[in-house]
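This is what each chain is made of:
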Amino acid sequence: MVNTTIKTTKSQEIFAAAQNLMPGGVSSPVRAFKSVGGQPIVFDRVQGAYIWDVDGNRYIDYVGTWGPAICGHAHPEVISALHAALEKGTSFGAPCALENVLAEMVIDAIPSIEMVRFVNSGTEACMAVLRLMRAFTGREKVIKFEGCYHGHADMFLVKAGSGVATLGLPDSPGVPKSVTSNTLTAPYNDLEAVKALFAENPNEIAGVILEPVVGNAGFIPPDAGFLEGLREITHEYGALLVFDEVMTGFRIAYGGAQEKFGVTPDLTTLGKIIGGGLPVGAYGGRRDIMEMVAPAGPVYQAGTLSGNPLAMTAGIKTLELLQKPGTYEYLDKITKKLSDGLLQIASECGHEACGGQISGMFGFFFTGGKVHNYEDAKKSDTVKFGRFHRGMLERGVYLAPSQFEAGFTAIAHTDEDIEQTLAAAREVMSSL
Ligand code: HOZ
């Protein structure tokens, strides 16, 4: 039996002070632990598969800074490349040769990308891609899926996942109806609903954007034929298909979901892993569409820190590390062991649960059956999840503090880490 009382005095002091300084004490909502209860822990340092809090407690980490830490935190090769880059300055606001290197790596890896534009976050990438979809097609409406999250830009805050789902927020105040009136929504994995929207809005829909594997409503994979069906429908109606691979890019396969499932969209958004832990996003796709982006074309989009040498360096080194043979097989092996183990333990302890994984992305819900969409995900027992989350934290395992976020493993996780995690899960689940 492990010691389940952890001392978090310093975390509590720092978080209490933060409440007066920043809304909710945080820089991004989910990390405030609102939906799992209790106080968030405040981190001091990270290394490999582990994080340490300000009170000196160590946790096995399955958030991985929400995905980028796929090689493990603070990988020595990434840190050393960053040290060297730092000596040459942090931002040029002008062309930098490192942009070419990362651009070539992205173009080589992601089937849909013939040209790419770097930005500073996934939100920025999705904002820009929507403008481009509309400009290219001359149409204003766009279809997104319930529970999918494409950043916090106004037009995507409709039935959104991630923090919006975690906090159970209605569509956000401050978002004008006129902006979201062109955002149409359908349940994920429901091709008939998508067909109906196209039939009801002839020649008005610019395209369909989705997380090809949902990570922002919990982990929800596409049903067989769903992505292929979207490709056919968008072709039929002269609309664009956009994969938001901010989470899945370089995560579920080196070439993302489009490589894994063999479905090539017209445009793709990226983030997280391609920045190696520094702020980065990107969008790219067919050359004829991307050539509409300024200054090659008239669709405006810009950014002072875009393509900065530090982010490019961390991204390049991270992708180089991921190219080592066996990376994705290893991620798949340890994550399957974790995911299967959690489901097995839940079943043995008498809890209804379902879930799964693809390579180093996983999730589970406290509900029976199978989760196909956000409505199914909402049936999960979130109170039970909150108690599970707290129990795991007390046993040195850091999971995403929300039922509606996927988990992530890293090549730094060992078999022993997984076994310790499962031992902790058995203790917690047997006492829920
Ligand atoms: N919205 C991101 C997760 N899907 C990040 C949350 C955070 O950093 O708190």
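The notes below deal with the structure included here. (Residues numbered from 1 in each chain as written. Predicted model: local features only at pLDDT ≥ 70, side-chain atom pairs only at ≥ 80, totals over all residues. Heavy atoms only, no water.)

1. Section: empty space enclosed by the protein
Unfilled space is identified by rolling a water-sized probe across the atoms. Going by this rule: Of the grid points, spaced at 1 Å and generated over the protein atoms alone, those admitting a 1.4 Å probe that cannot get out make up cavities, while open sets with protein on both sides within 12 Å along at least five of seven lines make up pockets; any residue with an atom within 4 Å of a point is treated as lining. Grid points are joined across faces, edges and corners, and a volume is the space filled by probe spheres set on the points. Secondary structure counts use DSSP, requiring at least four H or I residues in a row for a helix and at least two E residues in a row for a strand, with both numbered from the N terminus. Polar here means any residue outside two lists: the nonpolar Ala, Val, Leu, Ile, Met, Phe, Trp, Tyr, Cys and Pro, and the charged Asp, Glu, Lys and Arg; Gly therefore counts as polar.
Going through the model one piece at a time under the given rule, you end up with two cavities of 30 Å³ or more. Of the voids in this model, the largest cavity is the one considered here, and its volume is about 120 Å³. As for the largest cavity, its lining consists of 14 residues, of which Phe-362, Phe-364, Phe-385, Glu-405 and Gly-407 are closest to the centre. By residue number, the principal contributor to the lining of the largest cavity is strand β12 (residues 361–365), which donates three residues. When the residues that make up the lining of the largest cavity are grouped by side-chain class, the tally is eight nonpolar, five polar and one charged. Lining the second largest cavity we find Gly-48, Ala-49, Asp-61, Gly-64, Ala-69, His-73, Arg-251, Phe-408, Thr-409, Ala-410 and His-413. Of the residues assigned to the lining of the second largest cavity, the class counts are four nonpolar, five polar and two charged.

2. With respect to helix α14 (residues 382–394)
Rules: Any helix carries an expected span of 1.5 Å times its number of residues minus one. Accessibility here uses a 1.4 Å probe with only protein chains present; expressed as a share of the type maximum, an area under 20% marks a residue as buried, one over 50% as exposed, and anything in between as partly exposed. We call two residues contacting when some pair of their heavy atoms lies within 4.5 Å. Polar contact is the term for a pair of N or O atoms within 3.5 Å; when the atoms are in protein, one must be able to donate a hydrogen and the other to accept it, and sequence-neighboring residues count only if both atoms are side-chain atoms.
Between its first and last C-alpha atoms α14 spans 18 Å; for 13 residues at 1.5 Å apiece the expected length is 18 Å, and the two agree. Within α14 the residues assigned to the buried category are Lys-384, Phe-385, Gly-386, Phe-388, His-389, Gly-391, Met-392 and Leu-393. Contacts made by the buried residues of α14 are with β3 (58–61), α12 (327–348), β12, β13 (397–398) and α15 (415–431). Capping the start of α14, Asp-381 holds a side-chain oxygen 3.2 Å from the backbone nitrogen of Val-383, two or three residues further along.

3. A closer look at the site of the ligand
The condition is simple: Being near a molecule or strand, for a residue, comes down to having at least one heavy atom within 4 Å of it. The Shrake-Rupley method, run with a 1.4 Å probe, gives the accessible areas here. Residue values count only the displayed protein chains as cover.
Taken together, Ser-28, Arg-31, Trp-66, Ser-162, Asn-216, Met-247 and Glu-405 make up the full set of residues adjacent to the ligand. Ser-28 is positioned such that a nitrogen or oxygen atom in its side chain is 3.2 Å from an oxygen atom of the ligand. Interatomic distance of 2.8 Å between a side-chain N/O atom of Asn-216 and a nitrogen atom of the ligand. Computed on the free molecule, the ligand has an accessible area of 290 Å², of which 89% lies beneath the protein chains in the complex. Tallied by class, residues from the shell around the ligand come to two nonpolar, three polar and two charged.

4. Some details on the layout of surface pockets
Taken as a whole, the second largest pocket encloses approximately 390 Å³ of empty space. For the second largest pocket, the lining is made up of 16 residues, of which Pro-95, Glu-99, Arg-117, Ser-306 and Gly-307 are closest to its centre. For the lining of the second largest pocket, the secondary structure elements donating two or more residues are α3 (97–109) and β4 (115–119). A per-element tally of the lining of the second largest pocket places α3 first, with four residues. The class makeup of the residues in the lining of the second largest pocket is seven nonpolar, six polar and three charged.

5. Points about the environment of Ile-334
The topology assignment puts Ile-334 in helix α12. Taking the relative accessible area as the measure of exposure, Ile-334 reaches 0% and is therefore buried. Discounting residues that sit within four places of it in the chain, Ile-334 has contacts with Thr-409, Ala-410, His-413, Asp-415 and Ile-418.

6. Remarks on the pairing of strand β2 (residues 50–53)
Selection rule: Strands are labelled as partners when DSSP assigns at least two bridges between them.
Judged by which residues are buried, β2 turns out to be covered on both faces: Tyr-50 and Trp-52 on one side and Ile-51 and Asp-53 on the other are all buried. The pairing of strand β1 (residues 43–47) with β2 spans four bridges and is antiparallel. Its bridge partner being in β2, Arg-45 is matched across the sheet by Trp-52. The hairpin turn running from β1 into β2, its antiparallel successor, is two residues long, and Gly-48 in that turn takes a positive phi close to 60 degrees. Sheet analysis places β2 next to β3, joined by three bridges and oriented antiparallel. The residue bridging Trp-52 from the neighbouring strand is Arg-58, located in β3.

7. Topic: unusual backbone geometry
Residue Pro-295 is reached from Ala-294 by a cis peptide bond, and omega for that bond is 5 degrees. Within the secondary structure, Pro-295 is located in the loop between α10 (287–290) and α11 (309–322). For Asn-203, which is not glycine, the phi torsion reads 60 degrees and is therefore positive. By secondary structure assignment, the location of Asn-203 is in the loop between α7 (191–200) and β7 (205–210). The exposed category is assigned to Asn-203, whose relative accessible area is 63%. We note that Lys-272 has phi near 45 degrees; this positive angle belongs to a residue other than glycine.

8. Quick notes on the side chain of Lys-144
Our working rule: By the counting scheme adopted, Arg and Lys are positive, Glu and Asp are negative, and His together with the chain ends is not counted. Any Lys or Arg side-chain nitrogen located within 4 Å of an Asp or Glu carboxyl oxygen qualifies as a salt bridge.
Inspection of the secondary structure puts Lys-144 in strand β5 (residues 141–145). It is Glu-211 that comes nearest to the buried, bridge-free Lys-144 among opposite-charge side chains, at 7.7 Å. Within the local environment of Lys-144, its side chain forms a polar contact with the backbone oxygen of Cys-148, the two atoms lying 3.2 Å apart. Sequence-distant contacts of Lys-144, that is, excluding residues within four places in its chain, are made with His-150, Phe-156, Val-158, Lys-159, Ala-160, Thr-183, Leu-184, Thr-185, Ala-186 and Ile-209.

9. Quick word on the sheet that holds β13
For clarity, the cut-off: Simply put, an axis is a line fit to the C-alpha atoms, just over the touching stretch for a helix, and the angle between two N-to-C directions goes from 0 to 180 degrees.
On the basis of which strands lie adjacent, the open sheet formed by four strands has the order β1-β2-β3-β13 and mixed pairing. Across the chains shown, the open sheet's two edge strands, defined by having one partner strand only, are β1 and β13. Contacting β2, β3 and β13, α15 crosses the sheet at an angle of about 105 degrees to β3.

10. Brief notes about the environment of Phe-366
Among the secondary structure elements, Phe-366 is positioned in the loop between β12 and α13 (374–377). Taking C-alpha positions, Phe-366 is 35 Å from Val-129, a pair spaced 237 residues apart along the chain. Those residues in contact with Phe-366 that lie beyond four places of it in its chain are His-351, Glu-352, Ala-353, Lys-379, Ser-380, Asp-381, Lys-384, Phe-385, Phe-388, Gln-403, Met-429 and Leu-432.

11. Topic: the packing of aromatic side chains
Both the distance between ring centres and the angle between the ring planes are used here to describe each pair of aromatic rings. Selection rule: Planes of paired rings set the category: under 30 degrees apart is stacked, over 60 is edge-to-face and the rest tilted, where pairs are Phe, Tyr or Trp rings (Trp by its six-membered ring) whose centres lie within 6.5 Å. A ring has a charge above it when a Lys NZ or an Arg CZ is no more than 6 Å from the ring centre and no more than 35 degrees off the ring normal.
Counting across every chain of the model gives 14 aromatic pairs. Their ring planes at 75 degrees and their centres at 5.5 Å tell us that Phe-145 and Phe-226 sit as a pair that is edge-to-face. With a gap of 81 residues between them, Phe-145 in strand β5 and Phe-226 in helix α8 (residues 226–236) connect regions that are remote in the sequence. Every member of this aromatic cluster is reached through a ring pair, and the members are Phe-364, Phe-366, Phe-385 and Phe-388. Above the face of the Trp-52 ring, Arg-45 is positioned so that its terminal group lies 4.0 Å from the ring centre. The ring centre of Tyr-50 lies 3.8 Å from the NZ or CZ of Arg-58, which sits over that ring.

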